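# Topology and contacts: notes
These are the residues of each chain, in order.
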Amino acid sequence: MSADAVVLFNNLLKDLRSLFKEKGFRSASQNFVLKSPECWVIVNFQKSRWFNTGEKTFYVNVAVTTNPEARERSNVDPRRALRGLHSHLE
């Protein structure tokens, strides 16, 4: 990424930090993590290694899973966990 692209990418992350924080996410570098009793959500912004001059390309990786600790304690229904997550993010 060119120097301008890196600045744009970092500014994007800076602007998104407050939005994610409002929804209960914690941020670390390019990762945003939300942990609830039922499930975990991880949103990661990944700079692309492949770009053309003038392009600012990156990927948004999203992972949602039932909370591993809750899964060990009982049979957590993933559909119920995701419904709870949806209402939390609205």
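Residues numbered from 1 in each chain as written. Predicted model: local features only at pLDDT ≥ 70, side-chain atom pairs only at ≥ 80, totals over all residues. Heavy atoms only, no water.

### Observations regarding the pairing of strand 3 (residues 39-47)
- Across five bridges, strand 2 (residues 31-35) lies against strand 3 in antiparallel orientation. Looking across to strand 3, one finds that Asn31 is bridged to Asn44.
- Hairpin connection from strand 2 to strand 3: three residues lie between these consecutive antiparallel strands.
- Bridging between strand 3 and strand 4 (residues 58-66) involves nine bridges; their strand directions are antiparallel. Within strand 4, the residue paired with Gln46 across the bridge is Tyr59. (Pairing = 2+ DSSP bridges. Helix = DSSP H or I, 4+ residues; strand = E, 2+ residues; numbered from the N terminus.)

### Structural notes on helix 1 (residues 3-22)
- In this model helix 1 runs 30 Å from its N-terminal to its C-terminal C-alpha over 20 residues, within 8% of the 28 Å that 1.5 Å per residue would give.
- Along helix 1, the residues classified as buried are Ala5, Phe9, Leu13, Leu16 and Phe20.
- Close packing links the buried residues of helix 1 with strand 2, strand 3 and strand 4.
- In the segment just after helix 1, Gly24 is the residue with positive phi, at about 95°. (Expected span 1.5 Å × (residues − 1). Buried < 20%, exposed > 50% of the residue type's maximum accessible area, 1.4 Å probe, protein only. Contact = heavy atoms within 4.5 Å.)

### Here's the deal with the packing of aromatic side chains
- Inspection of the entire model under this criterion finds six aromatic pairs.
- Aromatic side chains Phe20 and Phe25 sit 5.0 Å apart centroid to centroid with 80° between the ring planes, which places their arrangement in the edge-to-face category.
- Summarising the aromatic geometry, the rings of Phe20 and Phe45 are spaced 6.4 Å apart at their centres and angled 80° between planes, so their arrangement reads as edge-to-face. Here Phe45 lies in strand 3 and Phe20 lies in helix 1, a separation of 25 residues in the sequence. When sorted by exposure, Phe20 lands in the same class as Phe45, which is buried.
- The lysine or arginine in question, Lys35, covers the ring of Trp40, its NZ or CZ lying 4.6 Å from the ring centre. (Phe/Tyr/Trp six-rings, centres within 6.5 Å; stacked < 30°, edge-to-face > 60°. Lys NZ or Arg CZ within 6 Å of the ring centre and 35° of its normal.)

### Observations regarding the confidence of the model for the chain
- Mean pLDDT over the chain stands at 77; residues scoring 70 or higher make up 67%.
- Across the chain, the element-wise mean pLDDT spans from 54 in helix 3 (residues 78-89) up to 91 in strand 2. (pLDDT = per-residue confidence, 0-100.)

### What to know about the sheet that holds strand 1 (residues 26-28)
- Strand order in the open sheet made by the four strands is 1-2-3-4, with antiparallel pairing throughout. Single-partner strands in this sheet number two, and they are strand 1 and strand 4. With strand direction ignored, the average angle separating the axes of adjacent strands in the sheet is 15°.
- Contacts between helix 1 and the sheet are confined to strand 1, strand 2, strand 3 and strand 4, with strand 3 contributing the most and set at about 165° to the helix. (Axes fitted to C-alpha atoms, helices over the stretch in contact; angles between N-to-C directions.)

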